[in-house]
Amino acid sequence: MRLKQMSLVSLVFILTGCGVQSIPKAKNSVEASLAEVTNQYKRRADLIPNLVKTVKGYASHEKQTLEAVVNARAKATQVKVDPSKLSATQIQKFQASQGELSQALGRLMVVAERYPNLKADQNFRDLQAQLEGTENRITVARNRYIETIKRFNDLVGVFPTNLTNSIFFHYEKMPQWSVSEGEAEAIKKAPEVDFE
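Structural notes, computed from the coordinates. Just so you know, these numbers come straight off a predicted model, no measurement behind them. (Residues numbered from 1 in each chain as written. Predicted model: local features only at pLDDT ≥ 70, side-chain atom pairs only at ≥ 80, totals over all residues. Heavy atoms only, no water.)

## Some thoughts on the nonpolar core
With 22 residues, the main nonpolar core has L51, V55, V69, L105, L108 and F124 as its most contacted residues. Elements that contribute at least two residues to this core include exactly α2 (22-58), α3 (63-78), α4 (88-113) and α6 (122-157). Ranked by residue count, the leading element in this core is α4, at 7 residues. Aside from chain neighbours lying at most four places away, what touches V55 is S60, L66, L108, L118 and F124. Counting 19 residues, the second largest nonpolar core, distinct from the first, contains I23, V30, Y41 and A141. (Core = buried A, V, L, I, M, F, W, Y, C linked by side-chain atoms within 4.5 Å. Buried < 20%, exposed > 50% of the residue type's maximum accessible area, 1.4 Å probe, protein only. Helix = DSSP H or I, 4+ residues; strand = E, 2+ residues; numbered from the N terminus. Contact = heavy atoms within 4.5 Å.)

Right, dumping it as structure tokens:
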């Protein structure tokens, strides 16, 4: 009987040390991290109508830029990511739609720079500060997501936990977040500094 108890304790110790608990926990962390990324993108999308409305009051003739922001926001909010069926294609579509929205917002900020009264408007300044804060939150959330994907992929792909995965779970490695083509091009270009 004592030998049986020791065998059972040994089996439990071996299983807990080989990923039986850590692999599902890591998968849950990936899903939670992805939810935080999408939450921050939603926060940004929720701020945009107020920003567009404020800019429209000062720069109504910038109709094309305003429409581009509204359309990019609509497209970005339609693309959903299902954490239970995560694929590289799904991540790329999500990133592409969010990238288009980022570019449209960038053009809107350039337009706003042309209007001193708009730049001085308290509502606009508050919205701009909230958007900047949201962009920082998005960056932090994406970094956390990248780390949780790395941890999960290490657990399902590295010995000895990969053996546990192949016996019990059969999880595939998850696709990692990457930069879009537009972001990659922007990274390659050195920023221009002009003091004139």
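## Here we look at unusual backbone geometry
Comment: phi is negative for the bulk of residues other than glycine, and the bulk of peptide bonds are trans. Following F159, the chain continues into P160 via a peptide bond in cis, with omega recorded as 5 degrees. With respect to the secondary-structure elements, P160 resides in the loop between α6 and α7 (161-169). Backbone geometry at H170 places phi at a positive 60 degrees, although glycine is not the residue there. For H170, the position within the fold is in the loop between α7 and α8 (181-188).

## Digging into the pattern of salt bridges
Pairing is possible between side chains of opposite charge, provided their charged atoms come close. Within this structure, the stated rule accounts for 7 salt bridges. Across the pair E67 and K63 runs a salt bridge, and its minimum N-O distance is 3.9 Å. Residue E67 and its partner K63 are both found in helix α3; the two are separated by 4 residues, about one turn of the helix. Relative accessible area serves as the criterion here: at 40%, E67 is assigned to the partly exposed category. As a salt-bridge pair, K150 and D154 come within 3.0 Å of each other at their nearest N and O atoms. Placement of the pair is K150 and D154 together in helix α6, with a separation of 4 residues, close to one helical turn. For K150, a relative accessible area of 43% gives the class partly exposed. What makes D154 partly exposed here is its relative accessible area of 36%. (Salt bridge = Lys/Arg side-chain N within 4 Å of Asp/Glu carboxyl O.)

## Some points on the packing of α3 against α4
Between α3 and α4, whose axes approach to 8 Å, the crossing angle comes to 155 degrees. With respect to their mutual orientation, α3 and α4 come out roughly antiparallel. Crossing hand, α3 versus α4: left-handed. Across from T65, L66, A68, V69, A72, R73, K75 and A76 in α3, the residues of α4 making contact are S97, Q98, E100, L101, A104, L105, R107, L108 and V111. For the contact of α3 with α4, the class distribution of residues is 10 nonpolar, 3 polar and 4 charged. (Axes fitted to C-alpha atoms, helices over the stretch in contact; angles between N-to-C directions. Parallel < 35°, antiparallel > 145°, perpendicular 65-115°, else oblique. Left-handed = near helix turned anticlockwise from the far one by under 90°. Nonpolar A, V, L, I, M, F, W, Y, C, P; charged D, E, K, R; others polar.)

## Observations concerning the packing of aromatic side chains
Tallying each qualifying case throughout the model produces 6 aromatic pairs. Relative to F94, the ring of Y41 lies with its centre 5.4 Å away and its plane at 75 degrees, an arrangement referred to as edge-to-face. Of this pair, Y41 sits in helix α2 while F94 sits in helix α4, and the two are 53 residues apart along the sequence. Given a relative accessible area of 5%, Y41 falls into the buried group. Ring centres 5.8 Å apart and planes at 50 degrees place the aromatic pair F152 and Y171 in the tilted group. A residue pair is termed long-range when its members are at least 10 positions apart, and F152 in helix α6 and Y171 in the loop between α7 and α8 qualify at 19 residues. Residue classification places F152 among the buried residues on the basis of a relative accessible area of 1%. (Phe/Tyr/Trp six-rings, centres within 6.5 Å; stacked < 30°, edge-to-face > 60°.)

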